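Summary of structural features
The primary structure of each chain is shown beneath.
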Amino acid sequence: EVLVDNGLFWPNEMVIDYRNKKLYWVDGYTRLLESYDIQYRTHSQVANITSVVGNSVSFGLALHNDKLYFTVWDEGTVYSLPTSGAGEPTLLLGDLGYRPFGLQAVDSNTQDTLEPGACGNNNGQCSHLCLPTGRYSYKCACPSYGGMTLGPDRRTCEEPSKFLLYAAGDTGHVMMLSLDENAGQRPVIIARGVRPVAVEYDPVEKRVYFSDNGMFRICRVFLNGTGFEVFLDAGIGVVDGLSLDWRNRRLYFSNMGTHYWGGGTPWQRVEMVRLDGTQRRRIVEKALDKPRALALDTERGYLYYSDWGEVAKVVKVELDGSNPVVMKHNGMHNPNGLALGEGQLYILDSHARLDVVTENGTQLAPGSLDKIDLTDQNVRNTNDGLGLQTPFGISVTGDQVFISDWGTSAIHLINMATNQKSEIVSDVGSPMGVKYAERDVPTGQSPCQGHDCSDICVPTPGQEFRCLCPDVGGKVMDDNGKSCRRPSKFLLFADYAEVRMLGMDSQDVYPYPVVQRHEYFTNLVAVTYDAQEEYVYFSNVDSGMIMRVHLNGTDATVVYSMADVVDGLAIDPVARNLYWTDYTSGTVEMMPLDGNASSHVELISGLDKPRAIGLDPNKRYMFWSDWGENATIWRADIDGSNKNALIDEELQWPNGIALDPVKERVFFADGHSAQEKIEYTDYRGVNRTELVHLTDTHVDQVFGLTMHKNTLFYSDWVSKGIHLTNLESGITEILVDGLTRPTQLYLHHPQPYPENECAAYGCSDMPIPVPGGCHCKCRMGRKLQADGKTCTTAPEPWTRVEPWRCANPCHEHAHCAAEVSNPTVYRCVCKAGYQGNGYQGNTGCTVCNYGYYKSVLRPGQCMECPDGVGSTAARTSCVCLGGLHWYNDECTSNIPEVTARPTTTLTFPGTMPRFESCPDTVTYQLPADTSYVTWDIRLRAWDGLDRPLEISPVLPERVYYQTGPMINQFTATDQWGNMVKCRIEITIQDVTAPELVCPADVVIETSEEAATVRWDAPTTSDNSGKPPMLTSSRTSGSRFYREDSPHTVTYNARDEAGNPSTCSFTVAVQGPSCPELEVPRYGRLDCKEGDRKRGPCTVVCNRGYQLLSGPATSYCLGSVWSSIITTYSCVRASAPRRQRRSVNMRFPGYCSNDESFQTGFRNGLYQSFQTNGLCSDSQTDNVGLCNRGNYNMQCGLQKRSLFGRLKRSDHGVSVEIPLELQTDQSGDAKDNVEEGDEVLDKTVQQVEDLVDSGQLTVQTDGETYTSEGATFTASAITYECDQGMVVVNKVCVTCPAGTYHDGDQCTYCTQSFYQPSEGQLSCSTCPEGTITHLPGAHSKEQCVVPPKKEPQTGLPIAIIAGAGAGAALLIVIIILIVCCARRASKKQEMPKQNRHMRQDFGNRVYEAPNDLGTSVPPQENVYAEIPEYGFKGDIVAAPPLPAERKSIPPSEDAYQGLQKTQDNPYQGLQHPARDNTYQGINKMKVTTIA
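Residues numbered from 1 in each chain as written. Predicted model: local features only at pLDDT ≥ 70, side-chain atom pairs only at ≥ 80, totals over all residues. Heavy atoms only, no water.

A look at a negative patch on the surface
Definition in use: Residues forming no salt bridge and having over 30% relative accessible area are the ones grouped into patches, like charges within 9 Å of each other and nonpolar side chains (Val, Leu, Ile, Met, Phe, Trp, Tyr) within 5 Å. Only the protein chains shown count as cover for residues, and the accessible areas themselves come from Shrake-Rupley with a 1.4 Å probe. Take a side-chain nitrogen of Lys or Arg and a carboxyl oxygen of Asp or Glu: if they are within 4 Å of each other, that pair is a salt bridge. This count recognises Lys and Arg as positive and Asp and Glu as negative, with His and chain-terminal groups excluded. A charge is said to be at NZ when it belongs to Lys, at CZ for Arg, at CG for Asp and at CD for Glu. Throughout this description, buried means an accessible area under 20% of the type-specific maximum (1.4 Å probe, protein chains only), exposed means over 50%, and partly exposed covers the range between.
Among the surface-exposed residues, Glu1008, Glu1009, Glu1043 and Asp1044 lie close enough to one another that they form a single negatively charged patch. Overall, the relative accessible area of 52% leaves Glu1009 in the exposed class.

A closer look at the packing of aromatic side chains
Our working definition: Stacked, tilted and edge-to-face pairs are distinguished by plane angle, under 30 degrees for stacked and over 60 for edge-to-face with tilted covering the rest, among Phe, Tyr and Trp rings (Trp via its six-membered ring) whose centres lie within 6.5 Å. Runs of E in the DSSP output that reach at least two residues are strands. Runs of H or I that reach at least four are helices, and both are numbered from the N terminus.
Evaluation of the coordinates by the stated rule reveals 36 aromatic pairs. Aromatic side chains Phe402 and Tyr436 sit 6.1 Å apart centroid to centroid with 5 degrees between the ring planes, which places their arrangement in the stacked category. Placement of the pair is Phe402 in strand E35 (residues 400–405) and Tyr436 in strand E38 (residues 431–438), with a sequence separation of 34 residues. For Tyr436, a relative accessible area of 12% translates into the label buried. The structure contains a cluster of three or more aromatic residues connected by ring pairs, namely Phe1147, Tyr1150, Phe1157, Phe1161 and Tyr1265.

Brief notes about unusual backbone geometry
A cis amide bond, omega -10 degrees, links Ser952 with the succeeding residue Pro953. Inspection of the secondary structure puts Pro953 in the loop between strand E87 (951–952) and strand E88 (958–960). Positive phi, normally seen in glycine, also occurs at Arg41, with a value near 55 degrees. Under the relative-accessibility criterion, Arg41 is labelled exposed at 52%.

So, the state of the cysteines
Basically, it comes down to this: Any two cysteine sulfur atoms lying within 2.5 Å of each other are counted as a disulfide.
Per the counting criterion, the structure on display carries 25 disulfides. The side chain of Cys763 participates in a disulfide bridge whose partner is Cys776; the two sulfur atoms lie 1.9 Å from each other. Since a negative S-S torsion denotes a left-handed disulfide, the Cys763-Cys776 link at about -80 degrees is left-handed. One end of the pair, Cys763, is in the loop between strand E66 (742–748) and strand E67 (766–770); the other, Cys776, is in strand E68 (residues 773–777), with 13 residues separating them in the sequence. On the basis of relative accessible area, Cys763 is assigned to the buried category, the value being 16%. Here Cys778 is linked by a disulfide to Cys791, with a sulfur-sulfur distance of 2.0 Å. Taking the sign of the S-S torsion, -85 degrees for the link of Cys778 and Cys791, the bridge is left-handed. With Cys778 in the loop between E68 and strand E69 (782–784) and Cys791 in strand E70 (residues 791–793), this pair connects stretches of sequence that are 13 residues apart.

A few points about the nonpolar core
One broad rule of soluble globular proteins: the nonpolar side chains tend to lie buried together. The condition is simple: Definition of nonpolar core: a set of buried residues of the types Ala, Val, Leu, Ile, Met, Phe, Trp, Tyr and Cys, connected through side-chain atoms within 4.5 Å. The contact criterion used throughout is that any non-hydrogen atoms of two residues lie within 4.5 Å.
Core analysis: the biggest nonpolar cluster contains 46 residues, and Met1145, Phe1147, Phe1169, Val1215 and Ile1217 have the highest contact counts within it. Elements supplying a minimum of two residues to this core: strand E106 (1138–1150), helix H3 (1155–1171), strand E107 (1192–1195), strand E110 (1211–1222), helix H4 (1229–1253), strand E115 (1285–1288), strand E116 (1291–1294) and strand E118 (1305–1308). For this core, the element with the highest residue contribution is H4, accounting for seven residues. In this view, Val1215 contacts Val1143, Asn1144, Met1145, Phe1147, Phe1161, Leu1165, Tyr1191, Asn1192 and Met1193; residues no more than four positions away in its chain are not counted. If you look at the next biggest cluster of nonpolar residues, it comprises 26 residues, including Val476, Cys484, Tyr510 and Val515.

Re the sheet that holds strand E102 (residues 1113–1114)
How we decide: The pairing criterion is simple: DSSP has to find at least two bridges between the two strands.
Within the open sheet, the three strands sit side by side as E99-E100-E102. Their pairing is antiparallel. If you trace the sheet from one side to the other, it starts and ends with strand E99 (1083–1087) and E102, each paired once. When E99 meets strand E100 (residues 1097–1101), the two strands line up antiparallel, connected through five bridges. Counted as the bridge partner of Asp1086 is Thr1098 from E100.

Some words on a nonpolar patch on the surface
Taken together, Phe9, Trp10 and Tyr29 make up a surface patch of nonpolar side chains, about 360 Å² in accessible area. Under the relative-accessibility criterion, Tyr29 is labelled partly exposed at 43%.

Topic: the sheet that holds strand E1 (residues 11–17)
Which entries qualify depends on this criterion: In this description, a line fitted to the C-alpha atoms serves as the axis of each element, helices being fitted only across the stretch in contact, and the angle between N-to-C directions of two axes falls anywhere from 0 to 180 degrees.
The four strands are arranged E1-E2-E3-E4 in an open sheet whose pairing can be described as antiparallel. Each end of this open sheet is capped by a strand with a single partner; those strands are E1 and strand E4 (42–48). Within the sheet, the average angular offset between the axes of one strand and its neighbour, ignoring direction, is 25 degrees.

Considerations on the environment of Ser625
Condition: By the criterion applied in these results, polar contacts are pairs of N or O atoms within 3.5 Å in which, for protein atoms, one can donate a hydrogen and the other can accept it, and in which residues neighboring in sequence qualify only through two side-chain atoms.
The topology assignment puts Ser625 in strand E55 (residues 621–626). Note: C-alpha distance between Ser625 and Ala612 (13 residues apart in sequence) is 5.4 Å. Once you skip the residues sitting within four places of it in the chain, Ser625 turns out to touch Lys609, Pro610, Arg611, Ala612, Thr632, Ile633, Pro654, Asn655 and Ile657. A distance of 2.8 Å separates a polar side-chain atom of Ser625 from the backbone oxygen of Pro654.

Looking at the pattern of salt bridges
Inspection of every chain in the model, using the stated rule, returns 58 salt bridges. Between Arg485 and Asp478 there is a salt bridge, with the nearest N and O atoms lying 2.5 Å from each other. With relative accessibility at 22%, the residue Arg485 sits in the partly exposed group. For Asp478, a relative accessible area of 21% gives the class partly exposed. Close ionic contact of Asp1237 with Lys1290 constitutes a salt bridge, the shortest N to O distance being 3.1 Å. With Asp1237 in helix H4 and Lys1290 in the loop between E115 and E116, this residue pair connects regions lying 53 residues apart in the sequence. Each of the salt bridges in this network shares a partner with another, and the network as a whole consists of Asp202, Glu205, Arg207, Arg220, Glu229 and Arg249.

Brief notes about H3
The condition is simple: The length a helix should cover is 1.5 Å for every residue beyond the first.
Here H3 contains 17 residues, and its C-alpha end-to-end distance of 24 Å stays within 8% of the 24 Å for a straight helix at 1.5 Å per residue. By the burial criterion, the buried members of H3 are Phe1157, Gln1158, Phe1161, Gly1164, Leu1165, Tyr1166, Ser1168 and Phe1169. On its buried face, H3 sits against E106, E107, E110, H4, strand E111 (1257–1260) and strand E112 (1263–1266). Backbone geometry just downstream of H3 places Gly1173 in the positive-phi region, at approximately 80 degrees.

Brief notes about the side chain of Thr1006
Counting through the fold element by element, Thr1006 comes out in the loop between strand E92 (1002–1005) and strand E93 (1010–1013). Take Thr1006: its relative accessible area is 15%, and that puts it in the buried class. Not counting the four nearest positions on each side in its chain, Thr1006 is found in contact with Ala1011, Arg1042, Val1069, Gln1070, Gly1071 and Pro1072.

Comments concerning the pairing of E106
Sheet analysis places E106 next to E110, joined by 11 bridges and oriented antiparallel. By the bridge assignment for E110, Gln1139 is matched with Leu1221. Relative to strand E114 (residues 1278–1280), E106 runs antiparallel, the two being bridged by three bridges. Paired with Arg1140 across the two strands is Thr1278, which belongs to E114. Note: E106 against strand E113 (residues 1273–1274), two bridges, orientation antiparallel. When the sheet's bridge partners are listed, Val1143 is paired in E113 with Ala1274.

Okay, here's the thing in structure tokens:
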């Protein structure tokens, strides 16, 4: 009911006058106090309070007796005024701080004694909420947050058995609508995000998964709304589709990356990941434009995905991404939703790209719902009369189809049998994904159940399965198709933003990512490998970094950060040195693999545009290409000496280099359009030869080369692939296609290298092998002495030389200089106080950051001042504290004294006084532990005779913090009265968050549903000296419920500079405890915080003892333990007497039951075992494999005739061989059983290998029988115990006290029974009138008298009648469930099970190459044709390597610049009067089209 709807603008707080039946409120905009008479329904103005509010706002309002109290924001005050409005407001309180909000007046004397109300004292028998609807009426309700709805009794909240999940994009809510009968139509909130889109459900763990495209992550939460967590955020972009395989515990998702700031490139993929977050694998990443919806068919082994890109389509692939098939469908434009049901594939298409924009608005193209019969592939349109506008999500169950529609802002239900549409949820802002789900786990079995894959198993068509390896891990699939292993030979290649690995010793043709596209890396060009430590080295030309990562994808670190554009990398495996070329600096450089920036050496400088580099560690030569103005192939000794041009004619873009050390050949590729060829020459530069068989047909813009023996590998920018060619046969094939821009290649194959003889040469710094011997090299800043081995530190590491010596112009804050360790190498070096590469440009030299300094002319980064010490304004030194002075790069009191010059009487020289330096602005950073900064501005004034002058006022020692700039003015006057001024604007930045310490965690125990909890306020302080503003999520004195315990209380503090701090503590409201658990006699009990009444508690049995039954961990669940733990829970483990197993196989061919035939066959089988080394006369047969009398034979197989009768075929011999092992009874029982299992498993495996290889043959009566591999089976291992013992986890135990022997298991005595002895067949009854508190009682003393119960009062007749009706209804429901279950059981069919499946992997290397197209990019030899997202040049701008990417909302300009490279993933075609973009992330430049 609307009471007032006119004249309102900002109605803020309201208050009710119960006595006079009036409602009061304050309007912050009109500055009016207003009222509404509830009895007479009149609206009136009480007073205009503009006189005290002014231009501020009034927010809070309270009532006490006949006075109103209100707050004024800007003044921080509280005023009072009579309810009559008479007179002027009276000031009551002041100085309340910034913007006081709510008010509440409390007077216990005026509080009426309240009646119990409609809900009474028992909460109206509601399980959660009781909502009064009148004085004597109420209704029960469930919380809006959490997946529970009212059950059939309309009082109890429970998780529904059937429900619909959907995402509301505008509000960020993930919602659930119960579909149970009589559940009502009120959706509840499951979780909150920023922009949720796709939703899925896992019935095993009862979790809801959803994608949050506003935060670029996939989240999950339990169905009841608890346990929210970020499931996946690394490498997550726009995820519009989710599909969950609950049987195999995998989540499939579409992934379109467009959002990374500071680096990264777009990607389009369909991926899968285990539900524990491991074994992530890309299954589709080619021929994708804009992937969206997914539909998973695990029964048939297929995945369907939609692509709403330039060529809209729906594609079917197997669950490993193989065998893609585009589904036949004409007129597809924007396939948003996919769903499977009853053998039909439903396709939801909004056709948004057909919308027509006119002057009068947008004319919408109607959406459509089509379905494809998966049997005959026929397409049927089913949307006649449905009126779909902009449909997005779809889910199907039976004849019911659920659809979300942006155009109607609703969720619709369509009955496919009647073609009728109804609206089940309305007013949903941008409804996204929908998912029909049932709470409990459905029946069914996966082909992967019991699989023998080492890592990933996926079902495939025909109820088979296929094994895969995860993306990251450095492993490939073995040729057995089951095991993932580290390859011994592999190819590494850089592909723009990734480094990938292709195994070369298996048939696995998948290039595994080592460095992934989403890991903040851009423009990766060079790559090499260190086989000794298994690290991949690669260069990032955007950031100027050389980095490394382990082959398994872990431990990414920066090796060298002061490079520019590194185009080539190579490693000397003998001397353990890393070499690289720097395109911008024109250098060849080196550093030890175990070194750092100080051990870095420039070997060669003055080059034009060096690119590829190769090393021959045996001959100790270095080769590199230069594609500058005079393109050249160079050779030098590996220390950079004896540089020699091998080829300098008819070259334009020599990109790649590969070495053939056996035949001493240098292969090089020219990528220019006028050349496009691969050639080679020998190490002397003669015998230049072109590979003619490649020139005309196979090469275009070649970049990288590598080779092994007679096989040459090369990358091509035009074909976007990796190729190989055999230099003897001339056969050329494509190895990898569908790449972005492949660059350098590295082929790893194990090979021996000689010892590093130079390690013992005696160099003080770095020994380097050279042809014929060794050479010593000094680290930077050190000079080689006359002995040729010793290096000493030079006082000035760099000396200025003539500018013309540097190949390129230097920056204005740089000089051309030479380094003392290599005086023939010249480069531009930034001056003191500056860092950068030294060359002209915006990032050539930049001033050091505050707190860093650089005191001398040298390249590289600024150094950090000592802890607590800042840097000077010039950034050439640090400002010391405590009277110390900066001298020789440290704070010290030991500095030389300076003697002043004598003064003389002089006349005015005619030159005005001056300040030596007077900075206009200076910015400080406030230390974390003080409210001031130390003055470090060195002001000196001189007169016209260069004599120092006194400065007034005296320079301060400290400047105290305040917000905004502070003006400081100083003057100096010479002896002739001439004055000079210096005006400095000082700004102090406070970047330190305030200190905030929360109280300790609070634990409250109560038998009630909730408790009122109070705590001390947290302590706060700030380095600015001013108290920070404090807010909290809950206040002391709030009520906390047991159901949602533990609760997190969060406090936030913010200082004047806006720096935030957060702390939190938990409030745990606990219910009654459980009976105290006994400690097992032969083990220990580990309980949380040592609490044996609450737990959880875990049993750890001693060695030689076994946990009797149940899970090892028990939880206290409402005063009852989840599993039984007693004194006798740990029992002695004995080894079984025997372990048994059998193998079965079949031999096709003639069979007879004749004894002579069977005897001959048994002898032939034994002979075959002997021939293959399984049986011999000297070998002891421990398991009975070689006992011919054990071979059980049977002729033929049972088959079913046409008329359904069983018949036997005489064709074929079936053999069963029982295996039996006497278990060792000495020592540890578990170890002995495991050893026995290994013996049986090994024997079974040996027989299976013989069968699979076809080597198990039987020669008898002139015939040869060969066992069929597909018929081999082996039984599970069984264990035989002594009489009176049972098997528990493979060992034998005697049922202890507190249990009885129940068939083949030990069962605990139930309550009211006990058993003091072991090995008994029953339990004794407690004396009459006594019971036991816990099951498993082992003595009569545990039988105690139970506590008396309070007498039950009579129930009202209405409640008794209601209970009777409820019982009758419950009986009807049970009958219906039983009938339905029987009917369902008749229809249910169990899927077939296969023992295992063999997968043969074809090697794509030897297939015909794919059609790569004919489009050729513009002829450029740099990395310009791919739009770049991140920074260029200066390392300062490079983002740090994140240990873990945080999911934080991006800043306002976080996504600026993305538009220039790719259309928004949801671009354009917006409908009038409804915005179909992703609200709330428009600053990210990400919008949506349905």
